[in-house]
Each structure stands twice: as structure tokens, then as C-alpha cells.
Amino acid sequence: MLIIGLTGSIATGKTTVSTLLSTHPYSIPIIDTDLLARKVVEPGTPGYKAIVSYFGPNTPDLLLPPSPDDPNGTKRPLNRPALGRRVFGTTEERKRDRMILNKIVHPAVRWEVYKSLLYYYIRGYWAVVLDVPLLFESGMDLICGTVIVVGVSDPAVQMGRLRARDPHLSAEDAENRVLSQGDVKGKVERAEFRGRKRGVIVWNDGDKRDLEKEVGRAVEVISGMSPRWWAWIVLLVPPLGVGVGVWNLAVNFWGQKRWEQKEREKKAKL
């Protein structure tokens, strides 16, 4: 089974691409880590308790008001905009808080991802999309056979889409969220570094029809790399599947090392 990593910066159109991939004619199952991240911090979970313990004392509005169904407030969900204001930004304090939040959420999300991958593998799917906003930053590109990056050439378009989608955000809040997810051009460069079929760019500078064409082109490239019949062979011959998985991990591991070396050399020249 081919694992397709899907990433991009905020408001580049990643969710729209995910929707297109999950519907006809592609019908590829999606593992959305944003949804999993919400699941692992629902009231009563270990993640929820850890977040409340760390952020609660200094964030009075961390939890939403009690609902009529929960008058005692024992199941108050997280106030995500309030938590976002604590962790999105470029100051050292916000970077530290974001790192702590990631250390709470990421391990739980990874476990849910692995369970979902096993489920779809057993069901015989030829591919699955792993939708991760911080795919490279979290290191989850290591398990992906190929990566799709959804990009926007003009940052002003990205900011405009974000504020249209989330009108409650101030210009500063919108900028902080964009900066916190990294420069999309950096993600594009890293995907291209993986090679033509192992890193595919979907540009979303036009309208939805243009985006649909870009997605179709991307799937055509990826299908040529890993056709459906190959997925069935890997499923029916487990030793071969294990070998292919190990080979893919090795290729990605050394690719990461070469990328890190390239970045160190770039910084040394500054």
C-alpha cells in the first residue's frame, strides 16, 4: 500500500485537495491528522488533561463555557482559538509553548495514524493519503512513498484566503499562523528534493477547475510509480511487502540526511 503524504501551509488549499482525492474518481481514503489531533484532546483523554495542566493556570479562557448538558463543567472542550493564541507566533515564549503542545499531541496522533494505516492495509487499498500540515517538521515523511505539497506562489493570496475563511482572525493572528506552519516554498523545495515521483507539487494559484487539473496530473504521476496491481502483489506476498517497506524507509532516511546536510552547508555559507 502506497502512503501518500499530503502537506502544505495554512490556507493553501490542502483541505480541498484532500476532498478531491477522497471522492470519485480517485476514492483514496484519507487519514486526517487534524481530526485525530482533535480526537486525542477530547475531554477526559490523557492529552486533554496534560494541556489543561500546563496551559490552564496562565490561560483563563482555555476551556469553553459549560454547556446545559454539562452544568458542572467536567467535560468542557478546549477553546481552540485561545490555545492558538498561546502557541502560534515567532516569539521564543510561543515557540516553547508550541513545542510543549506538540510533545503532548504528536505521540498520541502517531499511534492513531499507525492503527489507521494497518486498517487500510488489511482492507486491501492500493493507497492512502496521510494528511499532515507539518509532515516534514514532524518527520512523518519518513514513512511516505511519495509526498504531495499544495503550494501558493503569492503569500498575499494565502493571507487573503485565510482571513476570508477565518474572519475572526486579526491581520497579526493570520500572519502568526502562516509563519508558524513554515514557508510553503520551503516545503516545495523539500518535496522536489525527494525526486520527481517521490515529491509532487500541486499549485493552487487559480480557481477550483485549475486545481482539479493539478490534482489529476499529480495522481497520474503517482499511479505510474505505484499501480494498483503492485499493491495487490505486496498485500498477497507479505515478505515482499515487508521488504518494500524497509527499502522505502531506507531511501527516505538517507534522503532526510542528505537534506539536512544540504541545509547545514547553506547556513554555513551565510
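In the annotation of an unreviewed UniProt entry, the chain is listed under the name Dephospho-CoA kinase-domain-containing protein and assigned to Aspergillus leporis.

Asker: I'd love a proper account of the overall build of the chain, names of residues and values included.
Answerer: Scanning the chain from N- to C-terminus turns up twelve helices and five strands. Relative to a compact globule of 270 residues, whose C-alpha radius of gyration would be 18 Å, the chain shows 20 Å and is just as compact. The C-alpha extent of the chain, read off along each of the three principal axes, is 55 × 45 × 40 Å. By the burial criterion, 42% of the 270 residues in the chain qualify as buried. Intrachain contacts of the chain at a sequence separation of at least 6 include 72% that bridge at least 24 residues. Surface summary for the chain: the accessible area is close to 14,900 Å², and the carbon and sulfur share equals 59%. Within the chain, the 30 negative side-chain charges are centred at a point lying 5 Å from the centre of the 40 positive side-chain charges.

Asker: Give me the sheet that holds strand S3 (residues 127-131): which residues, what numbers.
Answerer: The parallel open sheet is built from five strands, whose spatial order is S2-S3-S1-S4-S5. Every interior strand has two partners, whereas the edge strands, strand S2 (30-32) and strand S5 (199-203), have only one. The average angle at which neighbouring strand axes cross in this sheet is 20°, direction not considered. The pairing of strand S1 (residues 2-8) with S3 spans five bridges and is parallel. Bridge pairing in S3 places Ile3 opposite Val128.

Asker: Describe the pairing of S3, naming the residues involved and giving the relevant values.
Answerer: Looking along a regular strand, one sees the side chains alternate between the two faces of the sheet. Taken across its five residues, S3 has five buried, putting it largely inside the fold. The pairing of S2 with S3 spans three bridges and is classified as parallel. Among the inter-strand pairings, Asp32 is bridged to a residue of S3, identified as Asp131.

Asker: Describe a nonpolar patch on the surface, listing the residues and the values that go with them.
Answerer: Residues Trp229, Trp232, Ile233, Leu236, Val237 and Leu240 make up a contiguous nonpolar surface patch of roughly 610 Å² in combined accessible area. Tracing the sequence through the fold places Ile233 in helix H11 (residues 228-236). Owing to a relative accessible area of 34%, Ile233 belongs among the partly exposed residues under this scheme.

Asker: An account of the UniProt feature "transmembrane region" (unreviewed entry) in the chain is needed here, citing residue identities and associated values.
Answerer: Mapped onto this numbering, the UniProt entry gives "transmembrane region" (unreviewed entry) at residues 229-254. With 96% helix and 0% strand, the stretch residues 229-254 has end C-alpha atoms that lie 28 Å from each other.

Asker: Go over the domain arrangement of the chain with me, naming the residues and quoting the values.
Answerer: As far as domains go, the chain holds domain 1 (2-29 + 125-269) and domain 2 (38-111). The gap between the C-alpha centroids of domain 1 and domain 2 is 27 Å. Contacts between the two partners involve seven residues from domain 1 and, on the opposite side, eight residues from domain 2. Between domain 1 and domain 2, roughly 780 Å² of surface is buried when both sides are summed, and carbon and sulfur atoms account for 57% of that area. For the interface between domain 1 and domain 2, the tally reads zero salt bridges. Inspection of the region where domain 1 meets domain 2 yields one residue pair in polar contact (both at pLDDT 80 or more). Considering each element in turn, the side of domain 1 that touches domain 2 owes the most residues, four residues, to helix H8 (residues 171-180). Residues of the side of domain 1 that touches domain 2, tallied by class, amount to two nonpolar, four polar and one charged.

Parameters and conventions
Within any chain, residue numbers begin from 1 and follow the written order of that chain's sequence. With pLDDT at 70 or above as the cut-off, local features in this predicted model cover only qualifying residues; side-chain atom pairs require 80 or more to be listed or tallied, and sums for whole chains, interfaces and linings still use all residues. The side-chain values count all of the structure's non-hydrogen atoms but skip hydrogen atoms and water molecules. Here a strand is any run of E in DSSP of at least two residues, a helix any run of H or I of at least four, and the numbering for each starts at the N terminus. The atom set for the radius of gyration is the C-alpha atoms, and the globule formula is 2.2 Å times the number of residues raised to the power 0.38. Note on classification: 1.4 Å probe, protein chains only; a residue is buried when its accessible area is under 20% of the maximum for its type, exposed when over 50%, partly exposed between these limits. Contacts are assigned to residue pairs that have any heavy atoms within 4.5 Å of one another. In these tables, accessible area is a Shrake-Rupley quantity obtained with a 1.4 Å probe, and a residue counts as shielded only by the protein chains included in the view. As used throughout, the charge tally considers Lys and Arg to be positive and Asp and Glu to be negative, leaving His and the chain termini uncounted. Taken as the charge location is NZ of Lys, CZ of Arg, CG of Asp or CD of Glu. For two strands to be treated as a pair, DSSP must find no fewer than two bridges joining them. Helix axes use the C-alpha atoms of the stretch in contact, all axes being lines fitted to C-alpha atoms, and the angles between their N-to-C directions lie in the range 0 to 180 degrees. Patch building starts from residues that exceed 30% relative accessible area and form no salt bridge, then joins like charges within 9 Å and nonpolar side chains (Val, Leu, Ile, Met, Phe, Trp, Tyr) within 5 Å. Whenever Lys or Arg places a side-chain nitrogen within 4 Å of a carboxyl oxygen from Asp or Glu, that contact is recorded as a salt bridge. UniProt positions are given in the numbering used here, feature names are shortened, and annotations may be inferred rather than shown by experiment. Those domain boundaries reflect an automatic or database domain assignment. Simply put, the buried area is the total loss of 1.4 Å probe accessible area from both parts when two parts are fitted together. For the purposes of these results, a polar contact is taken to be a pair of N or O atoms within 3.5 Å, where, inside protein, one atom must be able to donate a hydrogen and its partner to accept one; residues adjacent in sequence count only when each atom of the pair is a side-chain atom. When residues are grouped by polarity, Ala, Val, Leu, Ile, Met, Phe, Trp, Tyr, Cys and Pro land in nonpolar, Asp, Glu, Lys and Arg in charged, and all others, Gly among them, in polar.

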